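Results of the structural survey
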Amino acid sequence: MLRRAGSSLRHFLVERKSSAGYSLCSREAKMSRPVQARRLEGIDKNVWVEFVKLAATYSKVNLGQGFPDFPAPDFLQEALKRALSEGTHMLHQYTRAFGHPPLVKVLAQIFEKVLGRELDPMTNVMVTVGAYQALFCCFQAFVDEGDEVVVIEPFFDCYEPMVKMAGGTSVFVPLRPKAPKDGKLMSSADWQLDPAELASKFSERTKAIVLNSPNNPLGKVFSRGELELIAELCVKHDVLCISDEVYEWLVYDGKEHIRIASLPGMWDRTVTIGSAGKTFSATGWKVGWTVGPDRLLQHVRTVHQNSVYHCATIAQEAVAQGFQRELTLYGKPESYFVQLPKTLQQKRDLLIQILVAVGIKPIVPEGTYFLVADISEFKSDVPEVPNSDEPYDCRFTKWMMKNKGLAAIPLSTFYSEAHKNNYPNFIRFCFAKEEATLKAANDILQKWKKEKTSS
Ligand SMILES: Cc1ncc(COP(=O)(O)O)c(C=O)c1O
C-alpha cells in the first residue's frame, strides 16, 4: 500500500516537474515547493496565541485576554447539568446542521424583540462555533478576489486575516480621538469617525463593511447618528454590513445599543453576529450565531455546511435554555442581561479608580468589558528602542508581564501594520474579573508606583 502511495507521489512529482521546472533527483528540490497555500502568507502570527502563552508563563494577575474569571450564571450551569441527566442521551448526538432547533427558535424570538421584525428561525438564524466562526463564514461567503472590505480601526484583530484568506483587501478607516473637555477623563465616545474620511473609503470595489459595536478594544458604543452615516453609505454603494455585536448586552451608564440591522434599508444587507460566550460569561462554550435575511444567510450556511457543519449539541441545548429564561425575564431586574452590565459597570469603575490612583489614564468605555489606558506615567521603566520593529506598547506589555506579573494586551494589536505605531502608549485591560483579581492588580500597580517614586 505504502509503496503504491510512494510511486503515485513520484508520478505526481514528475508531472509537476514539467510545469514547475522542479528537479526531482535532489531531496532539496523536492522540499523547495512551499507546502502552505498562498492565502496563509503573512498571517501565521496570532497575538492571542503569543500573549496567552506569555500570560500563562509569567502573569500572576491576568487582565489580558477577554474572558470572565467569575462563574457563568447558576441557571446556565444548571441547564448544562440537566442536559447531561438521564433521558437526554440524544443530546450527545448530532443535531440540525444550521442550529439545534430549540436554540434557533429562542434566538429568533429574542431577535424579533430587539429588531422589531418577524424572523424565521430556520432561515434567519444560524448557529456557529462562537462568533469567530460566524465571522469566518461571512468573509468566505461574501468576499471574493479583488473585493475591498472597510474595517474601522482599532478592530478585533481577526478581521484582517479573515478578509485576506477570502482573497479580499481590508481598507482601514480610523476612529480619531478628540481631547476631552475640562480635564475630564477621555471617554470611548471621544473616538469618532470623520464622515468625509469614511465616505472616501467606499468605492465600486467595496463589498462589505465590518462594524463592531460595542467595540473591542475601546468599548465605544456607536451612536444612532454614527450608525445612520454608515447605513447611508452602505445603501448608497450597495455594500453589505457584517455587524459584530458580541458585546450587545454590555453597555453602561444608561447607553443604548442600537442594532444597525434595525435601521432603514439595512436588514437586507446586514448579518448580525453574536456570542453566547460573551452573553452568558461562558467563553469556553464557543456558541455563536448569525442573524440576517435568507438571501445572505443561505451563503453563510453553504460555508458552514462545507467546513464545520455542526456545533456541539449539548452546549446549544444549555444556551437555548439560558435564552428561554431570559425571554421570560426580558426587561425585568432579575434578567441576566440587566444584572451582568450592572455588575460589570461596578468592576469598570473599580478599575478606573485603581488606574487613576497610580497615574494611568483610562479611556472610560461605554460598553464591552475592556478598557484602554495611557501608561505614559510608567514608561521610564521600559526604555524605547529606536528603530525597533516591535511597537512600543508590545514591548511595554511583555516587560510588565515578565517583571510585574500583570498581563494586558497592547493596543497596537488592534491596528493594521501601517498604523501599529499610532498610539504607542496605550494598552488594553479586561475588567470582567473577580474583585479580588482587580485588587491584586491594584497591589501590583501601587507597589510599582512606590518603587518608582522612591528610586
Ligand atoms: C469583537 C469580537 N468578536 C468576536 C469575538 C469572538 O467571540 P467567540 O468567543 O464567541 O468566538 C470576540 C472575542 O473576544 C470579540 O471580542
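Residues numbered from 1 in each chain as written. Predicted model: local features only at pLDDT ≥ 70, side-chain atom pairs only at ≥ 80, totals over all residues.

Further remarks concern the overall build of the protein. Secondary structure assignment for the protein yields 15 helices and 15 strands. Relative to a compact globule of 455 residues, whose C-alpha radius of gyration would be 23 Å, the protein shows 24 Å and is just as compact. Summarising its shape, the C-alpha atoms of the protein cover approximately 75 × 60 × 55 Å along the three principal directions. For the protein, contacts bridging at least 24 residues in sequence account for 71% of all contacts bridging at least 6. (Helix = DSSP H or I, 4+ residues; strand = E, 2+ residues; numbered from the N terminus. Rg over C-alpha atoms; globule rule 2.2 N^0.38 Å. Contact = placed C-beta atoms within 7 Å.)

All right, on to the site of the ligand then. Surveying the vicinity of the ligand reveals 14 residues, the closest of which are G130, A131, Y132, F156 and S275. Top contributing element to the shell around the ligand by residue count: helix 6 (residues 130-142), with three residues. (Near = placed C-beta within 6 Å.)

UniProt annotation of "domain: Aminotransferase class I/classII large" (unreviewed entry) refers to residues 60-441 when read in the numbering used here. End-to-end, the C-alpha atoms of residues 60-441 are 9 Å apart, and along that stretch the chain is 37% helix and 16% strand. (UniProt positions renumbered as here; feature names shortened; annotations may be inferred.)

It is worth spelling out the domain arrangement of the protein at this point. Interfaces are often sized by the accessible area lost when the parts come together. Taken domain by domain, the protein holds domain 1 (47-66 + 335-454) and domain 2 (74-328). The C-alpha-based centres of domain 1 and domain 2 are spaced at 26 Å. Listed as interface residues are 29 residues of domain 1 and, on the opposing side, 31 residues of domain 2. Per-element tally for the side of domain 1 that touches domain 2: the top contributor is helix 13 (residues 336-358), with seven residues. Here the side of domain 1 that touches domain 2 is built from residues that sort into 17 nonpolar, eight polar and four charged. (Domains from an automatic or database assignment. Nonpolar A, V, L, I, M, F, W, Y, C, P; charged D, E, K, R; others polar.)

With that out of the way, let us pick up the environment of S307. Within the element layout of this structure, S307 appears in the loop between helix 11 (294-305) and helix 12 (313-328). The exposed category is assigned to S307, around which 12 C-beta atoms lie within 10 Å. Distance from S307 to C137, taken between C-alpha atoms, is 9.0 Å for residues 170 residues apart in sequence. (Buried ≥ 20, exposed ≤ 12 C-beta atoms within 10 Å, placed from the backbone.)

Read from one edge to the other, the open sheet built from four strands follows the order 11-12-15-14, with strand pairing classed as antiparallel. The sheet terminates laterally at strand 11 (361-363) and strand 14 (409-410), the two strands that pair on one side only. In this structure, strand 12 (residues 370-374) lies alongside strand 15 (residues 426-430), joined through five bridges in antiparallel fashion. In the strand pairing of strand 15, F370 is matched with C430. (Pairing = 2+ DSSP bridges.)

So, about unusual backbone geometry. The peptide bond linking E153 to P154 adopts the cis configuration, its omega dihedral lying at 0°. Within the secondary structure layout, P154 lies in the loop between strand 3 (148-153) and helix 7 (159-165). Of note, the bond from N216 into P217 is cis; its omega dihedral lies within 30 degrees of zero at 20°. Inspection of the secondary structure puts P217 in the loop between strand 7 (206-212) and helix 9 (224-237). One non-glycine residue, D253, adopts positive backbone phi at about 55°. Relative to the assigned elements, D253 resides in the loop between strand 8 (240-244) and strand 9 (270-275).

Taken in spatial order, the seven strands make up an open sheet running 2-10-9-8-7-3-4, and their pairing is mixed. Each of the sheet's edge strands pairs with one partner strand only, and the pair in question is strand 2 (125-128) and strand 4 (169-174). On average, each strand axis in the sheet is tilted by 20° relative to the strand beside it, whichever way the strands run. Inspection of the sheet shows strand 2 paired to strand 10 (residues 288-291) by four bridges, in the antiparallel sense. If you follow T128 over to strand 10, its bridge partner there is G288. (Axes fitted to C-alpha atoms, helices over the stretch in contact; angles between N-to-C directions.)

With that settled, consider the packing of helix 4 (residues 74-84) against helix 12. Two elements in contact, helix 4 and helix 12, have axes separated by 8 Å at closest approach and are oriented at 135°. Viewed along their axes, helix 4 and helix 12 adopt a mutual orientation that is oblique. As for the relative orientation of helix 4 and helix 12, their crossing is right-handed in sense. The segment helix 4 lies against helix 12, with F75, L76, A79, L80 and A83 engaging I314, E317, A318, Q321, G322 and R325. Here the residues of the contact of helix 4 with helix 12 are counted per class, giving seven nonpolar, two polar and two charged. (Parallel < 35°, antiparallel > 145°, perpendicular 65-115°, else oblique. Left-handed = near helix turned anticlockwise from the far one by under 90°.)

Across the six residues that make up strand 9, a large majority, six, are buried. Every second residue of strand 9 is oriented toward a common face, with T270, T272 and G274 on one face and V271, I273 and S275 on the other, all of them buried. When strand 8 meets strand 9, the two strands line up parallel, connected through four bridges. Bridge pairing in strand 9 places S243 opposite T272.

Here we come to helix 13. Over its 23 residues, helix 13 extends 33 Å from the first C-alpha to the last, a length consistent with the 33 Å expected when each residue adds 1.5 Å. On the buried face of helix 13, the contacting elements are helix 12, strand 11, strand 12, strand 15 and helix 15 (435-454). Phi for G359, located one or two positions after helix 13, is positive at around 90°. (Expected span 1.5 Å × (residues − 1).)

Now for the pairing of strand 15. Most of strand 15 sits out of view: five of its five residues are buried. As paired strands, strand 14 and strand 15 are joined by two bridges and run antiparallel to one another. Bridge pairing links P410 to I427 in strand 15.

Of all hydrophobic cores here, the largest spans 120 residues; its most connected members are L107, C138, V319 and A373. Examining the composition of this core, we find that nine residues originate from one element, helix 6, more than from any other. When residues are assigned to domains, this core turns out to be shared by domain 1 (47-66 + 335-454) and domain 2 (74-328), each giving three or more. For L107, the residues in contact, after removing those within four places along its chain, are V125, W289 and F323. (Core = buried A, V, L, I, M, F, W, Y, C linked by C-beta atoms within 7 Å.)

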